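Now for the letters of each chain:
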Amino acid sequence: MTETLYCRDEADARPRLDRFDARTRIVTALALIVAALVVRSPFVLMAGLAGLVAFAWFCELRAKEIAGRLLHAEGFLLVLLILLPLTVPGPAALSLGPVELSAPGLDRALKIFLRVNFSALAVLILLAGMEPVRFGHALAGLGVPEKLAHLLLFAARWVALIKEEGLRLHDAMRARAFKASTSLHTFRTLGFFCGQLLVRALERAERIDEAMRCRGFAGRFVLAAEERPGRSDGLFAAGAAVAIIAAVALDRLT
Amino acid sequence: MAHIPDGLLSAPVLIGGAVLTVGGLALDLQRLDESEIPKTAILASTFFVASLVAVPVGPSSVHLLLSGLMGLVLGLRAIPAVFVGLLLQAVLFGFGGLTSLGVDLVNIAFPGVAAALLARLLLAKAHGLGAAAIGAGVAAFTAFTVVGTAACVSAALALSSADYLPSLRVIALTYIPLALVEAVITGFVIAYLKRVKPESLGLTAQPEGAA
């Protein structure tokens, strides 16, 4: 319905991961990403990436979802992957006619490719399928300031509403045969679209503010933590910790 | 390409970005009145939705940053609002990363807020100007905002590794279409808001037909 204007690739839920505490998933994802930054050997990174792909398969992620997500991260990567082997000084590893690919440049590009994809995959598996509300509560549980957690919770709640508002505007534009192209007309139309979206959001904000005051909102919600880390969380975190420590040890010892 | 993913930057740059972000957020959250949270949040989600719109540029398309516009509408509150937007983008859509969140916030929000604070001072003095003139003025500011973001991204990459230096020119080039498109669209947004809801820009409503 909205392919022309919006990118739609929100992730699906992960039934096999949902039994774990959201905080465990957040901390594990962060630990994995930091570990990928610390590890220097491309072989260990490759093994880690293979392990994550296997884990993704276990969590029943579809290959299409993984590929679509990883492509997002590649904008930067494409430029660096092409230019690093050409521009980093060093002995040539490969010459294709006049073009020489330097060995340190290739090494650098390979490591970056592995690290970026490993990190993106870790976020996709562990965090992308999580309900934003659950994510917000978990962040508050991890010590993120309450105001920020509230901001995140409210914003996550209203993204769906504002998106509906945007879809209504988009339908109205399509009913008037609007088709986006590279033209001043498109830019003006999209400017008015954003402007109108803002006007409606501001008016909605006033209504919400009044409604919440009517119900006695004084700026605070109690962030009730329903989740309790259980034994399975301990096992999961211990497994991840063992894998990370083993990978870092292997990287430093070899 | 304003969102730097995990795995590219060096530890000192990541830590520097995180420290600036924590500092900026702490200052802002302290000033943020609790009753303002719902309004800030709904505007954060509006900008999040608006930044999902793909604007066609030739054969490709760009997503708007809207940091200058956010700064104009939200003032300093734009920093936590952008942070929330970036966090949701990183987690739900895979734009940017978690460890690079601090650097990304500095790159995107700080130039926008700085330019917007300056633009607001000028706007307050621009009483008699019409919507078109104000829109054009803000467009110029917005172009600088995007250039500021490009400069911050380049600095983050350059400080991380000298190997990135030759690639920076190509990355910087990709910001030119974004700066132009963002400037033009933000100009139209501001001209629209000036006509329809001037108080959202901190301006007083003018009598009908004055604009």
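Residues numbered from 1 in each chain as written. Chains lettered and ligands numbered in written order. Predicted model: local features only at pLDDT ≥ 70, side-chain atom pairs only at ≥ 80, totals over all residues. Heavy atoms only, no water.

Chain B has the name Cobalt transporter CbiM in an unreviewed UniProt entry, where Rhodoblastus acidophilus is given as its organism.

Labelled according to an unreviewed UniProt entry, chain A appears under the name Cobalt ECF transporter T component CbiQ, originating from Rhodoblastus acidophilus. Looking at the Subcellular location (unreviewed entry) heading of the UniProt record, one finds this comment for chain A: "Cell membrane". Reading the Sequence similarities (unreviewed entry) entry of the UniProt record for chain A gives the comment "Belongs to the CbiQ family." (UniProt positions renumbered as here; feature names shortened; annotations may be inferred.)

Enquirer: Is there a simple way to think about the pattern of salt bridges in this case?
Expert: Side chains that differ in sign of charge can pair as their charged atoms come close. Throughout the structure, instances matching the rule amount to 13 salt bridges over all chains. The closest approach of N and O atoms between D18 of chain A and R25 of chain A, which form a salt bridge, is 3.0 Å. Classification of D18 of chain A as partly exposed rests on a relative accessible area of 31%. Looking at R25 of chain A, the relative accessible area reads 0%, which means it is buried. E199 of chain B is paired through a salt bridge with K197 of chain B; the nearest N and O atoms lie 3.7 Å apart. The exposure class assigned to E199 of chain B is partly exposed, which follows from its relative accessible area of 45%. (Salt bridge = Lys/Arg side-chain N within 4 Å of Asp/Glu carboxyl O. Buried < 20%, exposed > 50% of the residue type's maximum accessible area, 1.4 Å probe, protein only.)

Enquirer: How should the pairing of strand β2 (residues 99-102) of chain A be read in this particular structure?
Expert: For a regular strand, the rule is simple: side chains alternate between the two faces of the sheet. Residues and elements named next belong to chain A. As paired strands, strand β1 (residues 92-96) and β2 are joined by four bridges and run antiparallel to one another. Within the sheet, the bridge partner assigned to L96 lies in β2 and is V99. If you look at the hairpin formed by β1 and β2, you'll find two residues sitting between the two strands, and G97 has a positive phi there, around 65°. (Pairing = 2+ DSSP bridges. Helix = DSSP H or I, 4+ residues; strand = E, 2+ residues; numbered from the N terminus.)

Enquirer: Even after reading the chapter, I still don't get the domain arrangement of chain A, so can you show me in this structure?
Expert: Often the size quoted for an interface is simply the accessible area lost on bringing the parts together. Residues and elements named next belong to chain A. Here chain A is partitioned into domain 1 (22-130 + 229-253) and domain 2 (137-214). With centres defined by C-alpha atoms, the gap from domain 1 to domain 2 works out at 34 Å. Facing four residues of domain 1, the contacting portion of domain 2 comprises four residues. Taken over both partners, the interface formed by domain 1 and domain 2 buries close to 320 Å², and the fraction arising from carbon and sulfur atoms is 92%. Summed over the three residues of domain 1 that lose the most area to domain 2, namely R23, I26 and V27, the buried surface amounts to 90% of that side. On inspection of domain 1 and its partner domain 2, the count reaches zero salt bridges. Counting across the interface, domain 1 meets domain 2 through zero residue pairs in polar contact (both at pLDDT 80 or more). Looking at side-chain class alone, the side of domain 1 that touches domain 2 contains three nonpolar, no polar and one charged residues. (Domains from an automatic or database assignment. Contact = heavy atoms within 4.5 Å. Buried area = accessible area lost by both parts, 1.4 Å probe. Polar contact = N/O pair within 3.5 Å; in protein donor to acceptor, adjacent residues only side chain to side chain. Nonpolar A, V, L, I, M, F, W, Y, C, P; charged D, E, K, R; others polar.)

Enquirer: Explanation requested: helix α8 (residues 184-214) of chain A in the structure shown.
Expert: The periodicity of an α-helix, 3.6 residues per turn, causes residues three or four positions apart to be oriented the same way. For α8 of chain A, with 31 residues, the first-to-last C-alpha span of 45 Å sits near the 45 Å given by 1.5 Å per residue. Positive backbone phi, at 80°, marks G216 of chain A, one or two positions downstream of α8 of chain A. (Expected span 1.5 Å × (residues − 1).)

Enquirer: Where do I start with helix α7 (residues 146-175) of chain A in this structure?
Expert: With 30 residues, α7 of chain A should reach 44 Å at 1.5 Å per residue; the first-to-last C-alpha distance of 43 Å fits that figure. Immediately beyond the C-terminal end of α7 of chain A, within one or two residues, lies A177 of chain A, with a positive phi of roughly 60°.

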